[in-house]
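Per-entry structural report
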Amino acid sequence: MVGYIVRRLLAAIPLVLGVATIVFFVVNLAPGDPASIYSAPGVSPQAVEQMRQNMGLDRPIHERYVRWMGAMLQGDFGISFSRNQPVRDVIAQILPNTLILSASALLLAFGAGILIGVVQAVRQNTFTDGALSVGTLFFYSMPSFWLALMLILIFSLYARNVWGWPLWLPASGMVSVDHNAMGPWEQVLDRLRHLVLPSASLALVLAAGVARYMRGSMLEVIRQDYIRTARAKGLPERTVILKHAVRNALIPVVTLLGLYLPVLFSGTVVIETVFAWPGMGKLMVDSIFQRDYPVVMAGAFVFAVMVVVGNLVADLLYAAVDPRIRYE
Amino acid sequence: MALLEVKELRTWFEGEAGTVRAVDGVSFSVGEGEVVGLVGGSGCGKTVTALSVLGLVPQPPGRIQAGSSIRLGDLELVGASPRELRAVRGRRVGMIFQEPMSSLNPVYTVGEQIGESLRLHRGVGRREARRLCVGLLEEVGIPEPERRRRQYPHELSGGMQQRVMIAMALAAEPELLIADEPTTALDVTTQAQILALLARLRESRGMALLLITHDLAVVAETCHRVLVMHRGRIVEADSVEAVFHRPRHPHTRSLLDSLSPLKGETGQGEADLEGGTGDGTPVGSDGSGS
Amino acid sequence: MNERRRGPGNDKGSRDGEWSRTVLLPPDDAGGAGEGTPEGPWAGVESPSDRTGGQKGRHRGGWWLSVVVPGLPQLLAGRVVTGGYVLLLWIGGLGLGALRWGRVLAAPTGPLEEQVALAGLMLALVGLWGWSLRDVRRGSPDPDQRPSQWALALRSFRRNRLAVCGALAVATLSLLALLAPLVAPFDPTLQGDLMTRRLVGPSPEHLLGTDQYARDIFSRLLYGARISLAIGFLAVGIAVSIGTLVGSVAAFAGGRVDEVVMRFVDMVIAFPRLVLLIAVIALFRPSMVVIVVVLGLTQWPQVARIVRGEVLSVREREFVEAARALGFSRTRIVVRHILPNIMAPVVVVATLGIGDTIILEAVLSFLGLGIQAPTPSWGMMVAEGRSHLLGAWWISTFSGLAIVATVLSFNLAGDGLRDALDPRLRR
């Protein structure tokens, strides 16, 4: 088991390095000069040139590549141009925020998606099934940023300003302005309230995909002989579905987890921007616009690592749900 | 008095291409402790008949037509509520299927699946279920039951899996066991062992057995009476002797004809295994098992 | 039309897997050509109707009706979706011509896009008219005739109501995008009177309201459709071309080449696509060309993976063996026997991919990385409405709904295609 994990991680090294290399060349070959952010009226060209040297931008690209790769392998991602802070510290500070958001969205997406898929399969070809099918396809076809805006419109803006609901949800940031003045329980509640809309916007679109897949998987499983056996045993229908069918139908859905991770992270980029959520996605977008190369390259590297680790987790989960799979 | 009394059973399937009358007016009965063989070619409605008894026909598209009657003792099963049906399934009527591999849930251990039946029908706790489960596995002839109990279906051989299915069906000590082609998916040697096991268990537990098969050789060895099905109807019903020696319906004759070249072969295999004569001895007379 | 010269051989059209070639035309029937069938290119097409005398009654007398009102005979014959759709388009097209008569007259001397729109309108009307006439005279296809694979797929697709609606919606949207200069009530970039016309809600004059510069949302959405659809089709075109090429090369080359290519493909698929897109487009400055190329270049790996799998499985089938045994050249086998057989999954992936691409384009322009203002694009319109969400909800809401409706149409059509074409892809 441990051996398998180690081998999987070793096999992923080329992938991570490949991604890092592609991003390095994309970023470094693109037109535009990061040092230009220092050029303003009143700053002498010599000073800007000095900054270019400080950033190492005066060297040829292959030399920069080798130096950057070497430093990165030692865990040194350089210094952020725009924040004047080691990139490692910036990312260490911000990564947990993204993990909270992605993990909650993932849980919500798979929870809701699996539930809907099961209901649809059990009620196959009824009105409920049809309505849910159209509903999930509708959400599936939705850009998450628009869903986010609509949720903000309803649950934040209208709920607060027009309808005056006491339970309106905040539309930006991770905590309220007066977070530090709150008691410990209020602080937890405050964080949760801020988490609802961003993770729902991320999750609903994914949940639609999971539901479509789960429905198909359940329909496949329900036709199997062992479901007939379970019924022949005299088990109540609820047990047949929840215990015997769902567990088997989950097996292919687990592989979906690995496939959805890149999609999920793509989603966080937009959603974090919309909700001003201080996470990796927003950091990436901001850094790209500020031409903060070290952060962009390190961020790409971190995303690649997260996908690899996520896929490994998906594989291990796969073995956990399907006893026929054993990793040596 | 008959344990199971089926009258005018009609199970039809509505499809895009029209209605398929899979079972079309079938009547028969199974007495207490009796072994009845239900024979017929593939697609003749044997399995649908068996599934109808337990109310397991998927509906839609299947439908048991009005006027059909299936009585178990004095309980009418056609039109019974789901709750009444559940009380019959597994508890009073056990069932085993053709493909043991696909009939066992791949994600639960053998012990969990047998224990589920025990806890459901005998109302025992987890620990007691575990103990009874080991006993059942032993009874169906599985060596090292304590170890096997913790294994998953894919870790067992086909014959072993079918034994597990039998143990599961026996968990609630049913009055009737319906075996739907229990040996078709197994190799010849295992077939003989499973048949012998069924015969022995029937004898020791005194339950009735409805054995569904397309193989007349199996019937000849195991059954008291035979029902021959053809195109959704029973075309011949009599004692094994009578059907084999004086077949009246042409379909029965053709079934018998197709059997003859194979009969010797099958008989041979069992003869070697059981050290007996291997000809059509009715059930119970020998049950050496494995 | 050359196809029909292949003669009776068409009857066995599905041999050699060349089913795509015999899709549209029924097998030539020597007996059918004799009895009063019109001469000319349609002769082969018309022949089945002669054999199905009973079916002809369906549209009896519909010919004259069809000259005046295409779609009505089909509607009367009970083909609600087809007839209704054709009728709607016909009335809509004529109505458009009548309502915007001034613009239609001015179009031939106007800018290129208006000329194109006018030509599109004419073509659509003539096409509808011709189709309906032909449909009425042909009657329904002969039920006894052995259908080709594509005909079977078409039949199963037609039975799927949602899928048909999706396909028709895609057709309508494309037509609307093409005709935007004629349909749109206002110039999409024209800023109205900022005092009185700014942020006006939906009203008869401005169907979907106006934005912060007093521009008509409905007109902007129509023009935005051009951007979204054009980018969707072009980018997916690029992705499909490269993906098919790379995928089949990998499958045929095998060995080291295959491994390296597929490793690369895995890598691109595993990386969050949006991050790459934003990085590249932000750094190279957004323009139509950059956006299309980058969207295409980040999508081909998915196509390549599917094509490779298909080629590997098709290559082993009997008809390819047979072609090889007959001594056909490698190129001929690939082009004539293998590629037509992998088209079904590629068509499905392409249709669903257009939906994805439209969403990604919207995301990019939402972030300010799409087509630049003042050219309207849907994602940018959603972004513009963001600062007026509370006061003018219609800007973001309707722009987003346009995206959802378009993507939904492509997804419905794509799902239907998948079910109709390839049961193996079903999930």
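To be clear, the structure that these remarks concern was listed above.
Worth saying up front: this structure is predicted, and the values here are computed from it rather than measured.

**Considering a nonpolar patch on the surface**
On the surface, a cluster of nonpolar side chains totalling about 530 Å² of accessible area is made up of Ile154, Phe155, Val162, Trp163 and Trp165 of chain A together with Leu390 of chain C. Structurally, Phe155 of chain A is set in helix H6 (residues 144-162).

**With respect to helix H7 (residues 158-170) of chain B**
Residues and elements named next belong to chain B. Taking 1.5 Å per residue as the helical rise, H7 with its 13 residues ought to reach 18 Å, and the 18 Å between its terminal C-alpha atoms agrees with that figure. Across the 13 residues that make up H7, a large majority, 12, are buried. Within the span of H7, buried status applies to Gly159, Met160, Gln161, Gln162, Arg163, Val164, Met165, Ile166, Ala167, Met168, Ala169 and Leu170.

**Some details on the packing of aromatic side chains**
Summed over the entire model, instances satisfying the criterion amount to 16 aromatic pairs over all chains. Look at Phe155 of chain A and Trp165 of chain A: their rings are 6.5 Å apart centre to centre, the planes differ by 55°, and that puts the pair in the tilted class. Highlighted residues: Phe155 of chain A in helix H6 and Trp165 of chain A in the loop between H6 and helix H7 (184-222), separated in sequence by 10 residues. Of the residues examined, Trp165 of chain A reaches a relative accessible area of 39% and is grouped as partly exposed. Considering the side-chain rings of Trp393 of chain C and Trp394 of chain C, the 5.8 Å spacing of their centres and the 80° angle between planes classify their relative orientation as edge-to-face.

**Some thoughts on the nonpolar core**
Phe110, Phe145, Met218 and Val274 of chain A together with Leu274 and Ile278 of chain C are the most contacted members of the largest nonpolar core, which totals 164 residues. Of the residues forming this core, the biggest block, 16 residues, is contributed by helix H9 (residues 237-274) of chain A. Residues within four places of Ile278 of chain C in sequence aside, it is in contact with Val269, Val285 and Ile288 of chain A together with Leu283, Leu364, Leu367 and Leu369 of chain C. By size, the runner-up hydrophobic cluster in this structure holds 86 residues, among which are Val124, Met165, Ile166 and Ala179 of chain B.

**Digging into the pattern of salt bridges**
All names here are of chain B. One pass over the structure, following the stated rule, counts 30 salt bridges over all chains. The closest approach of N and O atoms between Glu128 and Arg131, which form a salt bridge, is 2.9 Å. Residue Glu128 and its partner Arg131 are located together in helix H5 (residues 126-139), separated by 3 residues, close to a single helical turn. Its relative accessible area of 32% is what places Glu128 among the partly exposed residues.

**Quick word on the pairing of strand S5 (residues 69-72) of chain B**
Residues and elements named next belong to chain B. Relative to S5, strand S1 (residues 2-15) runs antiparallel, the two sharing 4 bridges. Bridging across to S5, Leu4 finds its partner in Leu72. Bridge count between S5 and strand S6 (residues 75-76): 2 bridges; the pairing is antiparallel. Paired with Leu72 across the two strands is Leu75, which belongs to S6. The turn joining S5 and S6, which pair antiparallel and follow one another in sequence, is formed by 2 residues; a positive phi near 60° is taken by Gly73.

Reading the values: the criteria
- Residues numbered from 1 in each chain as written.
- Chains lettered and ligands numbered in written order.
- Predicted model: local features only at pLDDT ≥ 70, side-chain atom pairs only at ≥ 80, totals over all residues.
- Heavy atoms only, no water.
- Patch = residues over 30% accessible without salt bridge, like charges linked within 9 Å, V, L, I, M, F, W, Y side chains within 5 Å.
- Areas by Shrake-Rupley, 256 points an atom, 1.4 Å probe, with all protein chains shown as cover.
- Salt bridge = Lys/Arg side-chain N within 4 Å of Asp/Glu carboxyl O.
- Helix = DSSP H or I, 4+ residues; strand = E, 2+ residues; numbered from the N terminus.
- Expected span 1.5 Å × (residues − 1).
- Buried < 20%, exposed > 50% of the residue type's maximum accessible area, 1.4 Å probe, protein only.
- Phe/Tyr/Trp six-rings, centres within 6.5 Å; stacked < 30°, edge-to-face > 60°.
- Core = buried A, V, L, I, M, F, W, Y, C linked by side-chain atoms within 4.5 Å.
- Contact = heavy atoms within 4.5 Å.
- Pairing = 2+ DSSP bridges.

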